[in-house]
Amino acid sequence: MAGWMWLRCVVGPHLQRIHRSPEQSRPEGRSGRRGWNYQARTLEKHTHSILGWASALWSLSYYSSPLLLCYLYRKGYICSSKLVPVSQYVGTVLVCLLGVACLRGWGRWKNSEYLQFISILEETKTNHTPANKKKLRCYDFDFTFWPSDFSWTEVSSPKLSKGGVSLLKPEPRLRGAADSVLNSVRTLPCHIISFLIAHSFGRRMLYPGSVGLLQKAMRPMLQQGQARLIEEFDGQRNKLVACDGNSIDTMFVDRRRDGGQKGQTLVICCEGNAGFYEVGCMNTPLEGGYSVLGWNHPGFGGSTGVPFPQNEANAMDVVIQFAIHKLGFQLTDIIIYAWSIGGFTATWAVMSYPEIQSIVLDASFDDLLPLALKVMPDSWRPLVQHTVRQYMNLNNAEQLLKYQGPVLLIRRTRDEIITTTGPEDIMSNRGNNLLLKLLQFRYPKIMTDEGIRVVRQWLGASSFIEEASIYSSYEVDDDWCTSVLQSYQADREVSFPWSVGEDMTVEGRRQLALFLVRKESNVMYSRF
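Just so you know, these numbers come straight off a predicted model, no measurement behind them.

Definitions and limits used
Residues numbered from 1 in each chain as written. Predicted model: local features only at pLDDT ≥ 70, side-chain atom pairs only at ≥ 80, totals over all residues. Heavy atoms only, no water. Salt bridge = Lys/Arg side-chain N within 4 Å of Asp/Glu carboxyl O. Helix = DSSP H or I, 4+ residues; strand = E, 2+ residues; numbered from the N terminus. Buried < 20%, exposed > 50% of the residue type's maximum accessible area, 1.4 Å probe, protein only. Domains from an automatic or database assignment. UniProt positions renumbered as here; feature names shortened; annotations may be inferred. Pairing = 2+ DSSP bridges. Axes fitted to C-alpha atoms, helices over the stretch in contact; angles between N-to-C directions. Core = buried A, V, L, I, M, F, W, Y, C linked by side-chain atoms within 4.5 Å. Contact = heavy atoms within 4.5 Å. Arc of directions from axis to C-beta. Left-handed = near helix turned anticlockwise from the far one by under 90°. Nonpolar A, V, L, I, M, F, W, Y, C, P; charged D, E, K, R; others polar.

Enquirer: Can you walk me through the pattern of salt bridges in this structure?
Expert: Close approach of charged atoms allows side chains with opposite charge to pair. Taken as a whole, this structure holds 14 salt bridges when the rule is applied. Close ionic contact of Asp 362 with Arg 412 constitutes a salt bridge, the shortest N to O distance being 2.6 Å. Taken together, the positions of Asp 362 in strand S12 (residues 358-362) and Arg 412 in strand S13 (residues 407-412) put the pair 50 residues apart, joining distant regions of the chain. On the accessibility criterion, Asp 362 (1% relative accessible area) is buried. Take Arg 412: its relative accessible area is 9%, and that puts it in the buried class. A salt bridge links Arg 518 to Asp 478; its shortest N-O distance comes to 2.8 Å. One end of the pair, Arg 518, is in helix H20 (residues 506-520); the other, Asp 478, is in helix H19 (residues 478-492), and 40 residues separate them in sequence. Using a relative accessible area of 27% as the deciding quantity, one classes Asp 478 as partly exposed.

As structure tokens, this is what we get:
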């Protein structure tokens, strides 16, 4: 029995922090604290540090392997006479690291806190009861070892296609059979280069939060944020398994038992390209008193996989299924709140689940392609277009137009990421394009050339004062605009696009256009 427990300590996860719920007793000397960092003893601490450095060196070698192999080849080291002694050195190092791991296991075995943790973990894997899960949630450890709490296989999802959930695809160009074959051969090098770009630096440029070195640097901050969510807000961490096999790291804060009306509404947060739920946009709805469900992109934090559009949509799907079937929320009680690139999964969610109550898009954009072209050389334009459309087609506006519910856009006028020229040029902010496309689709009779002109004038305002001046110069009557829209909706109850404004004067359409753009968007004259 002792030998088996020591073996479990050798191969067990790294324990980082111990949380305590209010009803649990605290060990002597730890009164007044909801949690504390796990204190490894000297042997475990030093051996874990050695293994950590070995892991970092392996990661560095892996990412630099192409350059390293080229260097070794030019120096003549890649030959049998040189590889044999190198393999012997590598084998010796691996044996030494195995010995270090065994010593770390011995140090853990001598620590009562780790023994208690590993016993609870093994019991939870054997008997996955709510009581055991509650005990396990008192520990923060490597998420790879966390037992699954929910899988997409537990519910029947009609939205699954062969590769996962359904995505909107770019319209194919119609060609003849012979022309199509010839074109495929001609564009084969472009396809290969696009694949290599997307799966190497392209994906990491788009989602820098998926880079392991960045996550290592942010780990203390992420651990602190996670401890705050668990210990101050009674957050519940869960592992969800998506249809592609990726594990999704989530955090749920339940406010329903507080008795407030806002707590009955669930806000699902979709983070940015370097955002994590531990330090991301969960704080905003938490301050508002809502129940909140945060999740990390595939490859971020405890989530596995890579954040390509299909994997992102698969993750979003299992998060919604978890909210419905495990947490007990109705789709009409769910609001989607997204920051920046999280707008892709957010708009996919409301497109695929149109019963969702509403969506809030903060500092988001309409399409990735213009932003990708901004940072790449002009000579790469055809290659960038093909790569984005084939592998990274974040078509937020196209997905949002499929949704009939309420939409709120928050535009950061000083944002440097979603502008195509610079933050000083407000009209280059792609949030404007997202708003214009939404208004043109929903109110085509109002958003004529004249309507688009006044809306662009309002969007180009550099301050609240200038914005109010433009609004008042067209003598917009808010009460009249509200009554027109309400009467149209009451008489017809039709889905978008509406024909309101069809028989209206130019002045009336101008007023409605300005009223709608102010109603649909919230402008923040700040960078963040």
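Alright, that's what it looks like, and here's the rest.
Enquirer: What am I meant to see in the domain arrangement of the chain here?
Expert: Each assigned domain of the chain is listed here: domain 1 (1-20 + 37-147), domain 2 (148-157 + 184-405) and domain 3 (439-527). Computed from C-alpha coordinates alone, the two centres of domain 1 and domain 3 are separated by 59 Å.

Enquirer: What is the right way to read the UniProt feature "transmembrane region" (unreviewed entry) in the chain from this model?
Expert: Under the feature "transmembrane region" (unreviewed entry), the UniProt entry names residues 50-74 and 86-106. Helix makes up 96% of residues 50-74 and strand 0%. Its end C-alpha atoms lie 32 Å apart. Structurally, residues 86-106 comprises 100% helix and 0% strand, and the distance from its first C-alpha atom to its last is 30 Å.

Enquirer: I tried to follow the sheet that holds strand S2 (residues 35-37) on my own but got confused; where do I start?
Expert: For sheets, the rule is that strands pair by backbone hydrogen bonds, running either parallel or antiparallel. Sheet architecture is open: three strands sit in the order S2-S1-S3, paired in antiparallel fashion. Each having just a single partner strand, S2 and strand S3 (139-141) make up the two edges of the open sheet. For this sheet, the mean angle separating the axes of adjacent strands, direction not counted, is 15°. Bridge count between strand S1 (residues 15-19) and S3: three bridges; the pairing is antiparallel.

Enquirer: I keep staring at the nonpolar core and nothing clicks. Help me out?
Expert: If you look at soluble globular proteins, the nonpolar side chains tend to sit buried side by side. Counting 94 residues, the largest nonpolar core has Ile 268, Leu 293, Met 316, Val 319, Ile 336, Trp 348 and Ile 359 as its most contacted members. No other element matches helix H11 (residues 309-325), which puts eight residues into this core. Shared between two domains, this core holds at least three residues of each, these being domain 2 (148-157 + 184-405) and domain 3 (439-527). Beyond its immediate chain neighbours, meaning those up to four positions away, Leu 293 contacts Thr 250, Met 251, Phe 252, Leu 266, Val 267, Ile 268, Cys 269, Val 319, Phe 322, Ala 323 and Leu 327. In this structure, Cys 9, Tyr 114, Leu 121 and Tyr 139 belong to the second largest nonpolar core, which totals 17 residues.

Enquirer: Where do I start with helix H17 (residues 449-459) in this structure?
Expert: Residues spaced three or four apart along an α-helix face the same direction, because each turn holds 3.6 residues. Of the residues making up H17, those classed as buried are Gly 451, Ile 452, Val 454, Val 455, Trp 458 and Leu 459. With its buried residues spanning 165° around the axis, H17 presents them on a single face.

Enquirer: I keep staring at the packing of helix H1 (residues 2-11) against helix H4 (residues 80-109) and nothing clicks. Help me out?
Expert: Working note: a packed helix pair is described by the angle between its axes plus the distance between those axes. Running from N to C, H1 and H4 point in directions that differ by 115°, and their axes come no closer than 8 Å. Handedness of the H1/H4 crossing: right-handed. Along its contact with H1, which presents Ala 2, Met 5, Trp 6, Cys 9 and Val 10, the element H4 presents Ala 101, Cys 102, Arg 104, Gly 105, Trp 106, Arg 108 and Trp 109. Tallied by class, residues from the contact of H1 with H4 come to nine nonpolar, one polar and two charged.

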